[in-house]
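Residue-level structural notes
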Amino acid sequence: MTNNELKELTKNRIFTVYFLKKDGTMRLMNCRTGVHKHLNPTSSGRTDNQKKGIQAANLLNVFDLEKSQYRMIPASRIIWLRFQNQLIKGPLFNQPKNV
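Residues numbered from 1 in each chain as written. Predicted model: local features only at pLDDT ≥ 70, side-chain atom pairs only at ≥ 80, totals over all residues. Heavy atoms only, no water.

In this section: the pattern of salt bridges. A complete count under the given rule lists two salt bridges for this structure. Between Asp64 and Arg27 there is a salt bridge, with the nearest N and O atoms lying 2.5 Å from each other. Here Arg27 lies in strand S2 (residues 26–32) and Asp64 lies in strand S3 (residues 59–64), a separation of 37 residues in the sequence. Owing to a relative accessible area of 15%, Arg27 belongs among the buried residues under this scheme. (Salt bridge = Lys/Arg side-chain N within 4 Å of Asp/Glu carboxyl O. Helix = DSSP H or I, 4+ residues; strand = E, 2+ residues; numbered from the N terminus. Buried < 20%, exposed > 50% of the residue type's maximum accessible area, 1.4 Å probe, protein only.)

Here it is as structure tokens:
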């Protein structure tokens with residue numbers, strides 16, 4: 001599942017995601033896509049190279065509702081995602097927990 005498919009699936013709704021972080025720990029996060037309220041108004045945004053890197057790494061940009069900060073979730077490391085009483089299994093759903 002790509003980050004664009006995840007964005008289309010969640011459509012700016014609140015969802016819960018369980019994923020494997022880069023450091024090997026597991027993370028459960030309540031988050032939402034499409035949040036623009038907390039962006040820095042003086043920032044010029046991401047460069048084209050940064051946007052290409054995010055797209056190539058298949059990262060999903062979300063707003064962490066608990067910490068009120070933006071986070072990047074690698075779509076390839078999602079265990080499961082839950083929203084609107086639906087459980088969507090990610091690529092690592094059946095993998096051992098010590099991956």
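Further notes follow.
Counting residues in each nonpolar core, the largest one holds 14 residues, and the members touching the most others are Phe15, Val17, Met29, Cys31, Val62, Ile73 and Leu81. Elements represented by at least two residues in this core include exactly strand S1 (14–20), S2, S3 and strand S5 (78–83). Excluding residues that lie within four positions of it along the chain, Cys31 makes contacts with Arg13, Ile14, Phe15, Val17, Val62, Phe63, Asp64, Leu65 and Ile73. (Core = buried A, V, L, I, M, F, W, Y, C linked by side-chain atoms within 4.5 Å. Contact = heavy atoms within 4.5 Å.)

A few words now on the sheet that holds strand S6 (residues 86–89). Taken together, the six strands give an open sheet; going across it, the order is S4-S3-S2-S1-S5-S6, and neighbouring strands pair in antiparallel fashion. The sheet is open, and its two borders are formed by strand S4 (69–74) and S6, each paired with just one other strand. Taken over all neighbouring pairs, the strand axes of this sheet differ in orientation by 30° on average, direction set aside. Here helix H1 (residues 3–10) sits on the sheet and contacts S1, S3, S5 and S6; the angle it forms with S5, its principal contact strand, is near 20°. (Pairing = 2+ DSSP bridges. Axes fitted to C-alpha atoms, helices over the stretch in contact; angles between N-to-C directions.)

This brings us to unusual backbone geometry. Phi is positive for Lys11, close to 45°, though the residue is something other than glycine. With respect to the element layout, Lys11 can be found in the loop between H1 and S1. On the accessibility criterion, Lys11 (47% relative accessible area) is partly exposed. Positive phi is not limited to glycine here, since Asn12 has a value of about 65°. A residue is classified by how much of its surface remains accessible, and Asn12, at 40% relative accessible area, is partly exposed.

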